[in-house]
Amino acid sequence: MELFLQTALSFPTAIYSFLLCVAVIYWLVVAAGLLEVDLLDVEADSVMEGSGQTEGLAGLLYKLKLDGVPVTLVLTLLFFFAWFACYFIELWLLRHLPLGILRYPLGLVVIAGAFVLAAPLCAVICRPLRPLFHKVEAISSKSVLGQVAVVRSGRVTISHGEAVLEDGGAGLILRVRADEALGFKRGDRVVLLEYLAAEHAYRIITEEEFRGV
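Residues numbered from 1 in each chain as written. Predicted model: local features only at pLDDT ≥ 70, side-chain atom pairs only at ≥ 80, totals over all residues. Heavy atoms only, no water.

A. Broad picture of the overall build of the protein. Scanning the protein for helices and strands turns up seven helices and five strands. Along the protein, from the amino end to the carboxyl end, the secondary structure elements read α-α-α-α-α-α-β-β-β-β-β-α. For the protein, with 213 residues in total, the buried portion stands at 40%. Considering only contacts in the protein between residues 6 or more positions apart, those separated by 24 or more positions represent 61%. (Helix = DSSP H or I, 4+ residues; strand = E, 2+ residues; numbered from the N terminus. Buried < 20%, exposed > 50% of the residue type's maximum accessible area, 1.4 Å probe, protein only. Contact = heavy atoms within 4.5 Å.)

B. Just the nonpolar core, in detail. Grouped together as the largest cluster of nonpolar side chains are 29 residues, with contacts concentrated most on Tyr 16, Leu 66, Val 74, Leu 78, Cys 122 and Cys 126. If you list the elements that add at least two residues to this core, you get helix H2 (13-31), helix H5 (71-92) and helix H6 (103-140). The element that contributes the greatest number of residues to this core is H5, accounting for 13 residues. Excluding residues within four positions of it along the chain, Tyr 16 makes contact with Phe 79, Ala 82, Trp 83, Cys 86, Ile 111, Ala 114 and Phe 115. In this structure, Val 144, Val 151, Val 156 and Ala 163 belong to the second largest nonpolar core, which totals 15 residues. (Core = buried A, V, L, I, M, F, W, Y, C linked by side-chain atoms within 4.5 Å.)

C. Focus on the side chain of Ser 153. Locating Ser 153 in the fold gives a position in the loop between strand E1 (148-151) and strand E2 (162-165). Within polar-contact distance, the side chain of Ser 153 engages the backbone oxygen of Arg 155 at 2.9 Å. (Polar contact = N/O pair within 3.5 Å; in protein donor to acceptor, adjacent residues only side chain to side chain.)

D. Inspection of the packing of aromatic side chains at higher detail. As enumerated under the stated definition, the model contains 11 aromatic pairs in all. With a centroid separation of 5.3 Å and 40 degrees between ring planes, the pair formed by Phe 11 and Tyr 104 is classed as tilted. In this pair, Phe 11 sits in the loop between helix H1 (2-8) and H2 while Tyr 104 sits in helix H6, placing the two residues 93 residues apart along the sequence. For the ring pair Phe 88 and Trp 92, a centre distance of 4.8 Å and an interplane angle of 45 degrees mean the geometry is tilted. Of this pair, Phe 88 and Trp 92 are both found in helix H5, four residues apart, which corresponds to roughly one turn of the helix. For Phe 88, a relative accessible area of 24% translates into the label partly exposed. A relative accessible area of 62% places Trp 92 in the exposed class. (Phe/Tyr/Trp six-rings, centres within 6.5 Å; stacked < 30°, edge-to-face > 60°.)

E. Highlighting H2. End to end, H2 covers 27 Å across 19 residues, agreeing with the expected 27 Å (1.5 Å per residue, within 8%). Within H2 the residues assigned to the buried category are Thr 13, Tyr 16, Ser 17, Leu 20, Ala 23, Tyr 26 and Val 30. (Expected span 1.5 Å × (residues − 1).)

If you want it as C-alpha cells, here you go:
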C-alpha cells in the first residue's frame, strides 16, 4: 500500500491521480443528482451539429474519434488510462533512475505520452457505446410530451435539471428546465410540456398545472 501511494503521488503520476480524483468526485455528485452527466456537452453539441468550429475540447475529442458519448465520460476514461500508463512507467522505470531535476521535463513528456496512449484505448471503448447514447437521444426527442417524470436533480432551473421518465426498464434520464422560482426539487412529479431542441431538454410544469387544477 505504501508503494502504491508513493507511486501514485509522485510526479508525473500525481497529475493524473488528481484529475482522476476530481472525476470520481464529479460522478459522486452526479449520482446525488446535483449535476448532469453531460455537463460539458454544450460545446460538443455545437460542433457535432455544424454550428461551431472544431476547436477547443470538443474539436479535439472529435478529431480523436471520441465524440458521440458524454464528454465527462470520455474525460474520465482518458484520465484513467493515462493514470494507468503513468503509474507503471513511474513504478517500473522512473523511480529507478537518478533523474534529479530532469524528472520534471521528462515527466511532462510522460504526461503527454500517456494521453496519446490513452486516446485510442478510450476510442475503442467509446465506439460501441455511441449507438446506446444515440438511441437514448432519439427516444427522448420522440413524442413523450404530456408524460409524467420524476425530478432527480437537487433543483431545476432554466439551465440545469434532470428527471427520470419510466419506460418499463431502467428509466430515461432527461434534461429538464423550468423557472427556479417554481421550486422543483428531487422527487417532485412533473409533466414534460415542451421539447427545447436547442438544449435537448424539456420544459416542465406541475401535474396540477397541466391538469388545470
